[in-house]
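Summary of the model geometry
The chain contents come next:
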Amino acid sequence: MTGMICGTGAYVPPYIRDNNEIATMVETSDEWIQERTGVATRHIITDDTTVSMAAEAAKRALKNAKIGAEEIDLLIVSTISSNVILPCAACEVQKEIGAVNATCFDMSAACSGFILAYNTAAAYLSGGVYQKALIIGSESLSNLTNWKDRSTCILFGDGAGAAVMCAEEGNRYLPVTHSDGEKGNALTCKSRHTKADIMHMEDDEYYMQMDGQAVFKFAVKKVPEVIGETLERNQVRQEEIDWYVLHQANKRIVEAVAKRLGEPMTKFPMNLKKYGNTSSASIGILLDEMNRDGRLRSGQKIMLAGFGAGLTWGSCIVEWK
């Protein structure tokens, strides 16, 4: 048995903040942002929360899969920006959608979160522990963004992506994942742990801070390497991969990975121009777009790859149902 994706869903909040609005907040321009990142707009929460977005994406994935919420027996939410600590976001989603039979928990792996949630669910499904899983990446990064910091505020957006996974007969592909805590300072965000902490912190310490050059160098080196490891581990040839669905961090990163792999950009779909970097939600949102517009066909092999804070990175092969 293996874990097959049998439905997808996504949700982004209705309010769109474009680069021209960003230019009224920091010294920048639409041309400058698009040239360096590929981002033109991002969706920002107003009335939504991390949980509400996750629940809506989940409902859409269940409808796409033609599966009732009560059939789900594992529910994982990947997020670094939940609006709740206790109960966990996954339990709140369970309540909202009526997944009464699900075991629920959250994961915190930032931009690698969707990959790790997929791998975790796949292991449970392959082992026969559960039969149907719902994985969701949901982020309200606007709450963690310093809108006066040009190096980060141009990048991030809010949204949620979800997938229903079912235990079915099929090819089982083993993932490859890595972490390097020694280099974690490249992307950080401190917790607002106590009132005393907040009083003695500089404002920027509890917003996301990033060493952009360090993250870029890390991604363009490690992502092609881990994709190669995954191909080798599963004895799959590179030419068998139909799509490379990467975490949507930066257009230049995706282009650099494609160049290092010697693959055409046509195999690297991108939607970050519309949504920006939505962390653990990005792969799920992109998969849902591709699913609904007919780009994904039965039997296609898709390489998913995530990378980000931790530092963490990994990839896995998905065979489309």
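In this report, we go over the structure that sits alongside the text. (Residues numbered from 1 in each chain as written. Predicted model: local features only at pLDDT ≥ 70, side-chain atom pairs only at ≥ 80, totals over all residues. Heavy atoms only, no water.)

Next up on the list: unusual backbone geometry. With an omega of -10°, the peptide bond running from Leu86 to Pro87 counts as cis. Inspection of the secondary structure puts Pro87 in the loop between strand E4 (74-78) and helix H4 (89-97). Of the consecutive residues Gly310 and Leu311, the connecting peptide bond is found in the cis state with omega at -10°. Take Leu311: it is sitting in the loop between strand E12 (301-308) and strand E13 (312-319). One non-glycine residue, Lys66, lies in the positive phi region at around 60°. In this fold, Lys66 is placed in the loop between helix H3 (50-65) and E4. Look at Gln235: it is not a glycine, yet its phi comes out positive at around 55°. With respect to the helices and strands, the residue Gln235 is situated in the loop between helix H8 (212-234) and strand E11 (243-246). (Helix = DSSP H or I, 4+ residues; strand = E, 2+ residues; numbered from the N terminus.)

Relative to the elements of secondary structure, Asn19 occurs in helix H1 (residues 19-22). Put simply, Asn19 and Ile33 are 14 residues apart on the chain and 7.2 Å apart in space, counted from C-alpha to C-alpha. Apart from the residues within four sequence positions on either side, Asn19 is in contact with Asp30, Ile33, Gln34, Val39, Ala40 and Arg42. (Contact = heavy atoms within 4.5 Å.)

The next thing to look at is the state of the cysteines. If you walk through the whole model with that rule in mind, you get 1 disulfide. The residue that forms a disulfide with Cys6 is Cys166, at a sulfur-sulfur distance of 2.3 Å. Here Cys6 and Cys166 share a disulfide; its torsion about the S-S bond, 60°, makes the bridge right-handed. Taken together, the positions of Cys6 in strand E1 (residues 2-11) and Cys166 in strand E7 (residues 158-168) put the pair 160 residues apart, joining distant regions of the chain. Under the relative-accessibility criterion, Cys166 is labelled buried at 6%. Sulfur of Cys88: no disulfide; nearest cysteine sulfur belongs to Cys91 and is 3.6 Å away. Take Cys153: it sits in no disulfide, and the sulfur closest to it among the cysteines is that of Cys189, at 15 Å. (Disulfide = S-S within 2.5 Å. Buried < 20%, exposed > 50% of the residue type's maximum accessible area, 1.4 Å probe, protein only.)

This part is about helix H9 (residues 251-261). All of the buried residues in H9 are Ile253, Val254, Ala256, Val257, Ala258 and Leu261. At its buried positions, H9 is contacted by H8, E11 and E12. Phi turns positive, to about 70°, at Gly262, one or two residues after H9.

Read from one edge of the open sheet, 4 strands run E8-E13-E12-E11, paired in mixed fashion. In this open sheet, the two edge strands, each paired with only one partner strand, are strand E8 (176-179) and E11. Each strand of the sheet is rotated relative to its neighbour by a mean of 15°, with strand direction disregarded. In terms of strand pairing, E11 meets E12 through 4 bridges, oriented parallel. Bridge pairing in E12 places Tyr244 opposite Met303. Sheet contacts for helix H5 (residues 113-126): E8, E12 and E13; angle to E13, the most-contacted strand, approximately 55°. (Pairing = 2+ DSSP bridges. Axes fitted to C-alpha atoms, helices over the stretch in contact; angles between N-to-C directions.)

Moving on: the sheet that holds E4. In space, the 5 strands of this open sheet follow the order E1-E7-E6-E4-E5, with mixed pairing throughout. Whereas interior strands pair on both sides, the edge strands pair on one side only; in this sheet they are E1 and strand E5 (103-107). Averaged over all adjacent pairs, the angle separating strand axes in this sheet is 20°, with direction ignored. Relative to E5, E4 runs parallel, the two being bridged by 5 bridges. Looking at E5, one finds that Leu74 is bridged to Thr103. Contacting E1, strand E6 (132-140) and E7, H3 runs over the sheet at an angle of about 125° to E1.

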